[in-house]
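Here's the letter readout for the chains.
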Amino acid sequence: MFQNQKVSYSGVQPSGNLTIGNYLGALRNFSTYSEDYKCLYCVVDQHAITVRQVPADLRRRTYETLALYMACGLDPEKVTLYVQSHVHEHTELAWILNCFTMFGELSRMTQFKDKSAKHADNINAGLFTYPVLMASDILLYQTDVVPVGIDQKQHVELCRDIATRFNALYPDTFTIPEPIVSKSGMKIMSLSEPTKKMSKSDENPNAVVYILDDKDTIIRKFKRAVTDSDTEVRFAPGKDGINNLMSIYACFTGKSMEEIEAEFAGKGYGDFKLAVGETCADALAPVQQRFAQYMGDKAGLEAQMKKGAEEASYIARRTLSKVEKKLGFVQLR
Ligand code: AQP
């Protein structure tokens, strides 16, 4: 579709303040594809309403997420950055794909199980069909690669199954996408419950390091991170807290676990936690500076949203029209 250029697609929900899990698992890796791929990165606001949102917060975070994309190095002149609800083809294709997705498949999704346990008073149909909307996001753009954190790999695999099923009935409709999990493959865990994923919607702010936290806050949060009664900085089974901190340090420094163990040999957890906090804060400082500049220009962000939506719509329309034609919908000219 893009003169033989491959397509990279991903999205982030504006469902809370973005965390270092979102940064290390996804955002930081998006710019890797800017040179060789046609890239589209979306602020997936329609996914966010599967759990209740305060409208003013959702609106503010939609701007912030777009600004963070740019602050993380995505140049809107080279990549398409847009907001999901601005391109109506996402929900239109999602309806069609719902009819090609099995109840049993959706019931097996880990995120659905986790989120329905967390929001037992609001297990809505959107939460259940979330992966179908995500499949629609990806397939609309004939995507080749989807850079995601490991927690989202299952959804991309379901998307592949849906596309393969559709293609078997209506050949050559969708490109089958490949999930790309960053080399470290890390799932960043909560600082207070290190067996649980670090999530932007966590109610405990001390469990989460936000991309926009200031240096003192970041250092304080790492100092308070739950570890164990051992004192040696060592990556080992059962040491979930320290393993998580070592993974975070490894992601920011590029060091191996052996190198980290050697660096902190003979030093205690206190020194290590301080180093993790300082390294993380220093790495995020330039992102925060650029973010502040972009947020200072709301009109500029809106212009980007408009440009991105136009670029995305053009491609989305072509795929949706191809799908509708194959299904036998009457197309009026
Ligand atoms: N803890 C994490 N470790 C590694 N990667 C992560 N991602 C999220 N958390 C971690 C990756 O960030 C991208 C955007 O995620 P999302 O906004 O689509 O939703 P999510 O995966 O549900 O992220 P959150 O932070 O947990 O949001 P809430 O709390 O709203 O559910 C994805 O590529 C994801 O893999």
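Residues numbered from 1 in each chain as written. Predicted model: local features only at pLDDT ≥ 70, side-chain atom pairs only at ≥ 80, totals over all residues. Heavy atoms only, no water.

Peer 1: Describe unusual backbone geometry, naming the residues involved and giving the relevant values.
Peer 2: Although it is not a glycine, Gln142 sits at a positive phi angle of roughly 50 degrees. Positionally, Gln142 belongs in the loop between α7 (125-140) and β4 (145-148). Backbone geometry places Asp172, a non-glycine residue, at a positive phi of 60 degrees. Secondary-structure assignment places Asp172 in the loop between α8 (153-169) and β5 (178-181). (Helix = DSSP H or I, 4+ residues; strand = E, 2+ residues; numbered from the N terminus.)

Peer 1: So what's going on with helix α4 (residues 89-98)? Residues and values would help.
Peer 2: Owing to its 3.6 residues per turn, the α-helix aligns residues three or four sequence positions apart on the same side. Every buried residue of α4 is accounted for by Glu89, His90, Leu93, Ala94, Ile96 and Leu97. Taken around the axis of α4, the buried residues stretch over an arc of 160 degrees, which confines them to a single face. Looking at the packing, one finds that the buried side of α4 touches β1 (6-12), α2 (45-48), β3 (80-83), α7, α8 and α13 (298-327). (Buried < 20%, exposed > 50% of the residue type's maximum accessible area, 1.4 Å probe, protein only. Arc of directions from axis to C-beta. Contact = heavy atoms within 4.5 Å.)

Peer 1: Describe the pattern of salt bridges, with residues and values.
Peer 2: In total, this model carries 18 salt bridges according to the counting rule given. In this structure, Lys221 engages Asp213 in a salt bridge whose closest nitrogen and oxygen atoms are separated by 2.7 Å. Comparing Lys221 with Asp213, the two get one shared label, buried. The shortest N-O distance in the salt bridge between Lys215 and Asp282 comes to 3.0 Å. Placement of Lys215 in helix α9 (residues 215-223) and of Asp282 in helix α12 (residues 269-295) is noted, with a sequence separation of 67 residues between them. Among the charged side chains, a network of salt bridges with common partners joins Asp228, Asp230, Glu232, Arg234 and Lys239. (Salt bridge = Lys/Arg side-chain N within 4 Å of Asp/Glu carboxyl O.)

Peer 1: Would you mind going over the packing of aromatic side chains in detail, with residue names and values included?
Peer 2: Applying the stated rule across the entire model yields 16 aromatic pairs. With 6.0 Å between their ring centres and 55 degrees between their planes, Phe30 and Tyr69 make a pair best called tilted. Here Phe30 is found in helix α1 (residues 20-30), whereas its partner Tyr69 is found in helix α3 (residues 55-71), with 39 residues between them in sequence. Among the residues examined, Tyr69 registers a relative accessible area of 0% and is labelled buried. Arranged with centres 5.2 Å apart and planes meeting at 85 degrees, the rings of Tyr33 and Tyr37 form a pair that is edge-to-face. Through a chain of ring-to-ring contacts, three or more aromatic side chains come together here, namely Phe100, Phe166, Tyr170 and Phe174. (Phe/Tyr/Trp six-rings, centres within 6.5 Å; stacked < 30°, edge-to-face > 60°.)

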